[in-house]
Number of protein chains: 2
Amino acid sequence: MQRVCSFELSQHVGRRVRVAGWLHSVRRMGALNFVVVRDGWGLIQAVASAAPDARPESIVEVTGVVKSEPQLELHEVEITVTEPVGEVAPVALGKKQLELPLPTLLEHAVIATRHPTRRAVFGTLAAAMRGFRSALEREHFTEIQTPKLVGGATEGGANVFSVKYFDRTAYLAQSPQLYKQIMAGVFERVFEVGPVFRAEPHATVRHLSQYTSLDVEMAFITNHFDVMAQLARVLRGMFEACGSDIVVPEHIPTVHFSEVGTSEPDLSPEDERRLGAWAKETHGSEFVFVTGYPMAKRPFYTHPDPERPAYSNSFDLLFRGTELVTGGQRLHRHADYLAALEARGMSAEPLASYLDAFRFGMPPHGGFAIGLERFVMQLLGLPNIRLATLFPRDLTRLEP
Amino acid sequence: MQRVCSFELSQHVGRRVRVAGWLHSVRRMGALNFVVVRDGWGLIQAVASAAPDARPESIVEVTGVVKSEPQLELHEVEITVTEPVGEVAPVALGKKQLELPLPTLLEHAVIATRHPTRRAVFGTLAAAMRGFRSALEREHFTEIQTPKLVGGATEGGANVFSVKYFDRTAYLAQSPQLYKQIMAGVFERVFEVGPVFRAEPHATVRHLSQYTSLDVEMAFITNHFDVMAQLARVLRGMFEACGSDIVVPEHIPTVHFSEVGTSEPDLSPEDERRLGAWAKETHGSEFVFVTGYPMAKRPFYTHPDPERPAYSNSFDLLFRGTELVTGGQRLHRHADYLAALEARGMSAEPLASYLDAFRFGMPPHGGFAIGLERFVMQLLGLPNIRLATLFPRDLTRLEP
């Protein structure tokens, strides 16, 4: 008999079928036993006169007749244990909620991820990637894959991992920044979904050593406002793919950095929360753009505001009071790169071959990067980015 | 006037439009000049009475009236140079073919990739990824992102890169093998598109230090033949997305390793060519499966053939006489892993937390990995995998 998956069950009401999966839970109710089987997509309840003699997580096959009343379940069942489990699992998966301290959850992620609540988080991650890509492919963006092993740091030198690369030293790319700009000079509109690496020396709830960056770059823009409009369209596609009803407003409230009322060269978490609350109260928006960050706080490739050169044509997007996306217009002239690098005391020499992209014709361009795990963390209201990462990497964690 | 892209031009016949792009070439034909503008998707020819005074690759805007006879082109044009190029580019992009020695092409990849022939290769890469994902999403596979920084080598110790990871040593993942198996225990059907890293100490035309691996893993299989059938469906989706008319036969010719007639424990390139020629001649197939590789030549997680345990339930797929895909059934029982590791003199201890996946319920499962760049190399008949990689990494190349 062909195996039926949980997502196909409703098409077989009244018929005898075979399902297979993990023995998720058994509830003994006297003469009746509710045996719940978990497959890769959902739970299937079987009503059995005898409970199987097996530990949770054993692999089982169940044949039974599909009933739809009072709910979709299997009756007249036969249960076979095909792969018995010999020990009690380190985390109990059969309960509605998985109430474990974070370190335990992460230590046993290999098993804990099987729990429906954890699996749902990673299903949302997959949906977010799908929504990101399809929103961009609709608008003729081309996907690229760029090197993760690079000759030098691109986003500043402090938090970069070094690699023994044959007889020399390489670095793990902190972002695909220069590559995506180069490729905007080829395909105009490009995106990449891939790992980036930051040697974060501090333990925080929203930073990891490796995360998935959703990168976009686009050419022939007027300024960063074109990039912000593109970002809004991409986010709509992502929320929709995740089955979320969050509305990205037609006009996202936008505040210039100089109007935020902070004395710092960057926003504090408190500033972000305050701006988020303001956007929600006055505009009913979960989102707020902060534009015009001081040039001093942005990387060398940032384009200044032509009217007020101490400020930049860049932006952050705050979602629910926390930074979610960084982006902006980039420098596009070779001479501007040389000047920007010199002003920061950086040598242009290691970047020479990359800077050829700007030497030989580059239009105004810009882009943004969304942290995939941070997107899901904030969408689902998770308290720690580690909960939105399959196998997180941080100061102390390199396994599982 | 709103800018029109090359892919939209045919919708504007008879109207005056504005296009923008790179000055690709200028042909002076006496009173007429054929000015070709390249945008992110194609070439647009403008017929001008005066050629622009600008070097190739300068950014130009052209307004003109769209004519469709004798071909789609712009007439009555006005050309503005918005970003002039001051120097002659290191590679000449205006010719039909880009005839450069490989080292020159790679050294100047930042510019050379703009050439239509090079760009087409990378468009095919993007299409192959799209086809891969959509074939799998149709069949309820879930996309995953797994760690690239790992505590130990998974595919054998020789060709692994080491990373200074805070105060310890990490390694770059040679494959997502154990992670995708673990995740087959969660979602049953998973895939990943991501970089893998191999410290290849030899310079060959088909190996790189970083390539893009298209990984698939699926649970509840009978044996490797289920995996091979899944692979055939995925390849059909990839060829279709690439606009290729290559036919993946309903029944791909399949040869058991013991019937190949080689005395080696692995196939030589000459064996591969011979088998490819045989499949083409006798079955009209570009593809041939070789199954049952000796266990001694396969990694520790390989499932043996229950009938002939010296051989494995694994396969390679040869495409046009070269290995394209490796896959097979995996061990799924904890005790089998411990025995396999011991038999190879490997310690189970560093793998303990991963092996929990098999300790606590895992069904028979298997999968495969396609090298994205190798797929495109063989599809397009390129002589070197470096030609199918944006910015290749090898023994000597870490830039651009």
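Numbers given to residues run from 1 along each chain, matching the order in which its sequence is written. Labels are handed out in written order, letters beginning with A for the chains and numbers beginning with 1 for the ligands. Where local features are concerned, this predicted model is filtered to residues with pLDDT of at least 70; where side-chain atom pairs are given and counted, the filter is 80 or more; whole-chain, interface and lining totals use all residues.

Trainee: Even after reading the chapter, I still don't get the overall build of chain A, so can you show me in this structure?
Mentor: When its secondary structure is counted, chain A shows 10 helices and 16 strands. Overall size of chain A, expressed as C-alpha extent along the three principal axes, is 80 × 55 × 40 Å. A run of DSSP states H or I qualifies as a helix once it reaches four residues; a run of E qualifies as a strand once it reaches two. Both are numbered from the N-terminal end.

Trainee: I would appreciate a short explanation of the interface of chain B and chain A in the present structure.
Mentor: For interface size, the figure often reported is the accessible area lost on association. Placing a C-beta atom from the backbone of each residue, one calls two residues in contact when those atoms lie within 7 Å. At the interface, 70 residues of chain B touch 70 residues of chain A. The element best represented in the side of chain B that touches chain A is helix H8 (residues 352-359) of chain B, accounting for five residues. Looking at side-chain class alone, the side of chain B that touches chain A contains 37 nonpolar, 17 polar and 16 charged residues. Residue type decides the class: Asp, Glu, Lys and Arg count as charged, Ala, Val, Leu, Ile, Met, Phe, Trp, Tyr, Cys and Pro as nonpolar, and the leftover types, Gly among them, as polar.

Trainee: I'm lost on the relation of the copies chain B and chain A in this one. Help?
Mentor: Two chain copies here: they are related by a rotation about an axis and a translation along the same axis. Copy-to-copy superposition: least squares on the C-alpha atoms, limited to residues that have pLDDT of at least 70 in both copies. Note on the identical chains: chain B maps onto chain A by a rotation of 180° and an axial translation of 0.0 Å, with an RMSD of 0.0 Å. Taken together, the rotation and translation relating the two chain copies correspond to the operation of a two-fold axis. Of every C-alpha in chain B, the one belonging to Val163(B) sits nearest the axis of rotation, 2.2 Å from it. In this assembly, 100% of the residues forming the interface of chain B have copies in chain A that are likewise at the interface, indicating an isologous arrangement.

Trainee: Is there a simple way to explain the domain arrangement of chain A in this structure?
Mentor: Each domain's limits were defined by an automated method or a database of domain assignments. For chain A, the domain assignment lists domain 1 (6-88) and domain 2 (116-388). For domain 1 of chain A and domain 2 of chain A, the distance between their C-alpha centroids amounts to 46 Å.

Trainee: Quick question: what am I supposed to make of the nonpolar core here?
Mentor: The nonpolar side chains of a soluble globular protein tend to be buried, and buried together. If you look at the biggest cluster of nonpolar residues, it comprises 233 residues, and the most contacted ones within it are Ala128(A), Val163(A), Ala128(B) and Val163(B). Apart from the residues lying within four places of it in its own chain, the contact partners of Val163(B) are Phe161(A), Val163(A), Leu172(A), Leu149(B), Ala170(B), Tyr171(B) and Leu172(B). Any nonpolar core is a set of buried residues, restricted to Ala, Val, Leu, Ile, Met, Phe, Trp, Tyr and Cys, that join up through C-beta atoms within 7 Å. For the exposure call, what matters is how many other C-beta atoms sit within 10 Å of a residue's own: 20 or more marks it buried, 12 or fewer exposed, and in between partly exposed, using C-beta atoms placed from the backbone.

Trainee: Where do I start with unusual backbone geometry in this structure?
Mentor: A negative phi angle is the norm for most residues apart from glycine, just as the trans form is the norm for most peptide bonds. With an omega dihedral of -5°, the bond running from Glu69(A) to Pro70(A) counts as a cis peptide bond. Mapped onto the secondary structure, Pro70(A) falls in the loop between strand S4 (59-67) and strand S5 (73-83). Note that the residue after Glu399(A), namely Pro400(A), is joined by a cis bond; omega there is -5°. In this structure, Glu57(A) is a non-glycine residue whose phi angle is positive, near 80°. Mapped onto the elements, Glu57(A) comes out in the loop between strand S3 (43-48) and S4. The phi angle at Phe220(B) is positive, at roughly 60°, despite the residue not being glycine. For Phe220(B), the location among the structural elements is in the loop between strand S11 (210-219) and helix H5 (224-241). When the 20 C-beta atoms within 10 Å are taken as the criterion, Phe220(B) is described as buried.

Trainee: Explanation requested: the environment of Pro304(B) in the structure shown.
Mentor: All names here are of chain B. You can see Pro-304 is positioned in the loop between strand S13 (287-291) and strand S14 (314-319). What makes Pro-304 partly exposed here is the crowd of 19 C-beta atoms within 10 Å. Sequence separation of Pro-304 and Arg-189 is 115 residues, and the distance between their C-alpha atoms is 22 Å. Beyond its immediate sequence surroundings of up to four residues, Pro-304 is in contact with Met-295, Pro-309, Ser-312 and Asn-313.

Trainee: What should I look at first to understand the confidence of the model for chain A in this one?
Mentor: Note that predicted coordinates carrying low pLDDT should not be read in detail. Confidence scores per residue from the predictor, reported as pLDDT, run from 0 to 100. For chain A, the average pLDDT comes to 95, and 99% of its residues sit at 70 or higher. Scored as a whole, the predicted complex attains pTM 0.96, and scored at its interfaces, ipTM 0.96.

Trainee: I would appreciate a short explanation of the pairing of strand S15 (residues 322-330) of chain B in the present structure.
Mentor: Sheet faces and side chains relate simply in a regular strand, where the side chains alternate between the two faces. All names here are of chain B. Each pair of strands is called paired provided DSSP finds at least two bridges between the two strands. Across six bridges, the pairing between S14 and S15 is antiparallel. By the bridge assignment, Asp-316 is partnered in S15 with Thr-326. Hairpin geometry of S14 and S15 is characterised by an intervening segment of two residues between the two adjacent antiparallel strands and by a positive phi of about 50° at Arg-320.

Trainee: What's the story with helix H4 (residues 177-184) of chain B in this structure? I'm lost.
Mentor: Side chains of residues three or four places apart in an α-helix project in the same direction, reflecting 3.6 residues per turn. Most of H4(B) sits out of view: eight of its eight residues are buried. Of the surrounding secondary structure, the elements contacted by the buried residues of H4(B) are helix H2 (109-112) of chain A together with strand S10 (189-197), S11, S15, H8 and strand S16 (365-371) of chain B.

Trainee: Teacher, can you tell me more about the sheet that holds strand S12 (residues 254-256) of chain B here?
Mentor: Backbone-to-backbone hydrogen bonds join strands into a sheet, with any given pair of strands oriented parallel or antiparallel. Residue and element names in this part refer to chain B. Pairing is mixed across the open sheet formed by eight strands, whose spatial order is S6-S10-S11-S16-S15-S14-S13-S12. The strands lining the two open edges of the sheet, one partner per strand, are strand S6 (142-143) and S12. Strand direction decides the pairing type here: S6 and S10, joined by two bridges, are parallel. Along S10, the bridge assignment pairs Glu-143 with Phe-191.

Trainee: Which parts of the structure should I look at to understand the sheet that holds strand S13 (residues 287-291) of chain A?
Mentor: Residue and element names in this part refer to chain A. On the basis of which strands lie adjacent, the open sheet formed by eight strands has the order S6-S10-S11-S16-S15-S14-S13-S12 and mixed pairing. The open sheet has two free edges, formed respectively by strand S6 (142-143) and strand S12 (254-256), since each of these has just one partner strand. Relative to strand S16 (residues 365-371), strand S15 (residues 322-330) is paired through six bridges, and the arrangement is antiparallel. Looking at S16, one finds that Gly-327 is bridged to Phe-368. Lying over the sheet, helix H4 (residues 177-184) contacts strand S10 (189-197), strand S11 (210-219), S15 and S16, oriented at roughly 25° with respect to S11. Fitted lines through C-alpha atoms serve as axes, helices being fitted only where they are in contact, and the angles separating the N-to-C directions of these axes extend from 0 to 180 degrees.

Trainee: Looking at this structure, how should I read the packing of helix H3 (residues 116-138) of chain A against helix H5 (residues 224-241) of chain A?
Mentor: The packing of two helices is summarised by the inter-axis angle and the distance between the axes. All names here are of chain A. Close contact between H3 and H5 brings their axes to 7 Å; oriented N to C, the two are set at 140°. When the axes of H3 and H5 are compared, the pair comes out oblique. Seen along the crossing, H3 lies across H5 with a hand that is right-handed. For the pair H3 and H5, contact is made by Ala-127, Ala-128, Arg-130, Gly-131, Phe-132, Ser-134, Ala-135 and Leu-136 and by Arg-233, Val-234, Gly-237, Met-238, Glu-240 and Ala-241, respectively. Across the contact of H3 with H5, the residue classes tally to eight nonpolar, three polar and three charged. Angular relationships are summarised with four words: roughly parallel below 35 degrees, roughly antiparallel beyond 145, roughly perpendicular across 65 to 115, and oblique for the angles in between. If you view the pair so one helix is near and one far, a crossing is left-handed when the near helix is turned anticlockwise from the far one by less than a right angle, and right-handed when it is turned clockwise.

Trainee: What should I look at first to understand the environment of Leu390(A) in this one?
Mentor: Residue placement: Leu390(A) occurs in the segment after helix H10 (372-380). Expressed as a C-alpha distance, the spacing of Leu390(A) and Arg206(A), which sit 184 residues apart in the sequence, is 15 Å. In contact with Leu390(A), not counting residues within four places along its chain, are Ala109(A), Thr113(A), Phe122(A), Ile144(B), Gln145(B) and Thr146(B).

Trainee: Just checking my understanding: could you explain helix H9 (residues 352-359) of chain A for this structure?
Mentor: By the burial criterion, the buried members of H9(A) are Tyr354(A), Asp356(A), Ala357(A), Phe358(A) and Arg359(A). Of the surrounding elements, those touching the buried residues of H9(A) are H4 and helix H8 (334-343) of chain A together with helix H2 (109-112) of chain B. One or two residues past the end of H9(A) sits Gly361(A), with phi positive at roughly 90°.

Trainee: Where do I start with the pairing of S5(A) in this structure?
Mentor: All names here are of chain A. When S3 meets S5, the two strands line up parallel, connected through two bridges. Its bridge partner being in S5, Gln-45 is matched across the sheet by Glu-73. Examined bridge by bridge, S4 and S5 share eight bridges and lie antiparallel to one another. Across the sheet, residue Glu-61 finds its bridge partner in S5, namely Thr-80. In sequence, S4 turns back onto S5 through a hairpin of five residues.

Trainee: Explain the environment of Ser25(A) to me, please; I cannot follow it from the model alone.
Mentor: Residue and element names in this part refer to chain A. Locating Ser-25 in the fold gives a position in strand S1 (residues 16-29). The exposure class assigned to Ser-25 is partly exposed, which follows from the 18 C-beta atoms found within 10 Å. Not counting residues up to four positions away in its chain, the partners in contact with Ser-25 are Val-36, Pro-56 and Gly-94.

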